[in-house]
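# Architecture at a glance
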Amino acid sequence: VQLQASGGGLVQAGDSLRLSCAASGRTFSMYGMGWFRQAPGKERMFVAAISDGSTMYSNSLKDRFTISKDNAKNTVYLQMNSLKPEDTAVYYCASSSCYTRSPSLYAFWGQGTLVTVSS
């Protein structure tokens, strides 16, 4: 499975941004798709995950972020609204054979896309 994340950039606080993650290769092995983020000097943090019919979120982000997917395009999205400077991080998409928030259970990772939120 190959994952290509895109959509990051520099935005101002309060803006919205949508990240995309296009999957290719052995996509039939994917069951859960997730987004994680890693800010400078911090550990990688779970953001959201999706599988057929189910979604889950980090409690601190669920009111502003929405994960969705387009099965026909093998693409997962992360809609981020009301962005804050503390959302600045590299955002990674990942795929797993299960539906989980644990990064250790994700076998395939995209290259990451940088989101910078200015105040």
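Look above for the structure.
For the structure given in this document, a descriptive report is provided here. All values derive from a computational prediction rather than experimental measurement. (Residues numbered from 1 in each chain as written. Predicted model: local features only at pLDDT ≥ 70, side-chain atom pairs only at ≥ 80, totals over all residues. Heavy atoms only, no water.)

## Regarding the state of the cysteines
Worth spelling out the cut-off: What counts as a disulfide here is a pair of cysteine sulfur atoms lying within 2.5 Å. Each helix is a run of H or I in the DSSP string that is no shorter than four residues. Each strand is a run of E no shorter than two, and both are numbered from the N terminus.
As enumerated under the stated definition, the model contains 1 disulfide in all. Between C21 and C93 runs a disulfide, and the two sulfur atoms are separated by 2.1 Å. In this structure the cystine formed by C21 and C93 twists about its S-S bond by roughly 65 degrees; its chirality is therefore right-handed. Placement of the pair is C21 in strand 3 (residues 17-24) and C93 in strand 9 (residues 89-96), with a sequence separation of 72 residues.

## Overview of the environment of S6
Just so we agree on the cut-off: Each residue is placed in one exposure class: buried if its accessible area under a 1.4 Å probe, protein chains only, is under 20% of its type's maximum, exposed if it is over 50%, and partly exposed if it falls in between. Note on contacts: a residue pair is in contact if any heavy atoms of the two residues lie within 4.5 Å.
Following the sequence through the fold, S6 ends up in strand 1 (residues 2-6). The class of S6 is partly exposed, set by a relative accessible area of 34%. Sequence spacing of S6 and G32 is 26 residues, and the spatial spacing of their C-alpha atoms is 19 Å. Beyond its immediate stretch of four places on either side in the chain, S6 contacts R18, L19, S20 and T113.

## Brief notes about the environment of F108
For F108, the location among the structural elements is in strand 10 (residues 106-109). Taking the C-alpha atoms as reference, F108 lies 11 Å from G32; in sequence the two are 76 residues apart.

## Overview of the sheet that holds strand 8 (residues 75-80)
Note the cut-off: Paired strands, in this sense, are two strands between which DSSP finds at least two bridges. Working convention: axes come from line fits to C-alpha atoms, limited for helices to the stretch in contact. Angles between N-to-C directions cover 0 to 180 degrees.
In space, the 4 strands of this open sheet follow the order 1-3-8-7, with antiparallel pairing throughout. Each edge of the open sheet is held by one strand with a lone partner, namely strand 1 and strand 7 (65-70). Neighbour to neighbour, the strand axes of the sheet diverge by 15 degrees on average, direction disregarded. Of the strand pairs in this sheet, strand 1 and strand 3 are connected by 5 bridges, and their pairing is antiparallel. What sits directly across from Q4, in strand 3, is A22.

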